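# Residue-level structure breakdown
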Amino acid sequence: GTVVFLMVFSIIVFFAPEMGGYFLEYNNFIPADPLKTPEHIAPVWYFTPYYSVLRAVPPLFNSQFPGVLAMGVSVMILFFLPWLDRSPVKSIRYRGWIYKSALAIFVVAFVILGYLGTKSPQAIDLILFPNVYWAQIFTVVYFAFFALMPWYTKIDKTKPVPERVTK
């Protein structure tokens, strides 16, 4: 396993270090031009969902503060997850279909927010709407997952936890 990992690691480091901008930012390899601003600056892949949330919230009174606040809340809400989950079981193996469906929708929304964070907000990459509208829709889905969690985890039917686990 270690040899395979080191081989893959070496291939990435020596032959494809930027991997299309997902490992290292592609813009770091372009020579700097002080007279030209890059057309689109995208963060590293693990920040793109939060960057998409930032761009999804419209400015208020010429200030981007609401977007920054939404981005901060989208990160901070993860720390409140233990108190939001009202289910008597903690393993997904014993959870009901409501939680599993909500989690699947959340994962899809998070991945799409990550994709939209790498694209221009005015571009129409997905069907019918500019990317900023899709980002707004999936931002609402992101926050709805956490806001509704106390309700749907409490009413969800769970399987009984085996005695070997509860000891």
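In this text, all values refer to a predicted model and were calculated from it rather than measured experimentally.

## Focus: the nonpolar core
- If you look at the biggest cluster of nonpolar residues, it comprises 21 residues, and the most contacted ones within it are Leu113, Tyr142, Phe145, Phe146, Met149 and Tyr152.
- Elements that contribute at least two residues to this core include exactly helix H2 (48-56), helix H5 (97-117), helix H6 (131-147) and helix H7 (149-155).
- Setting aside chain neighbours within four positions, we find Tyr152 in contact with Ile98, Tyr99, Ala102 and Phe145.

## Things to note about the side chain of Thr48
- Within the element layout of this structure, Thr48 appears in helix H2.
- Overall, the relative accessible area of 3% leaves Thr48 in the buried class.
- Reaching out from Thr48, the side chain makes a polar contact with the backbone oxygen of Trp45 at a distance of 2.7 Å.
- Every residue in contact with Thr48, bar those within four places of it in the chain, is listed here: Pro43, Leu113, Gly114, Gly117 and Thr118.

## Considering the pattern of salt bridges
- Under the criterion given, the structure shown has 2 salt bridges.
- Residues Lys90 and Asp85 are paired through a salt bridge, measuring 4.0 Å at the closest nitrogen-oxygen approach.
- Looking at Lys90, the relative accessible area reads 56%, which means it is exposed.
- We note a salt bridge from Arg95 to Asp85, for which the minimum N-O separation is 2.5 Å. Of the two residues, Arg95 is situated in the loop between helix H4 (81-84) and H5 and Asp85 in the loop between H4 and H5; the sequence distance between them amounts to 10 residues.
- Looking at Arg95, the relative accessible area reads 5%, which means it is buried.

## Digging into the confidence of the model for the protein
- On average, residues of the protein carry a pLDDT of 84, and 86% of them reach 70 or more.
- Least confident of the elements in the protein is helix H8 (residues 163-166), whose mean pLDDT is 71; most confident is H5, at 93.

Parameters at a glance
Residues numbered from 1 in each chain as written. Predicted model: local features only at pLDDT ≥ 70, side-chain atom pairs only at ≥ 80, totals over all residues. Heavy atoms only, no water. Core = buried A, V, L, I, M, F, W, Y, C linked by side-chain atoms within 4.5 Å. Buried < 20%, exposed > 50% of the residue type's maximum accessible area, 1.4 Å probe, protein only. Helix = DSSP H or I, 4+ residues; strand = E, 2+ residues; numbered from the N terminus. Contact = heavy atoms within 4.5 Å. Polar contact = N/O pair within 3.5 Å; in protein donor to acceptor, adjacent residues only side chain to side chain. Salt bridge = Lys/Arg side-chain N within 4 Å of Asp/Glu carboxyl O. pLDDT = per-residue confidence, 0-100.

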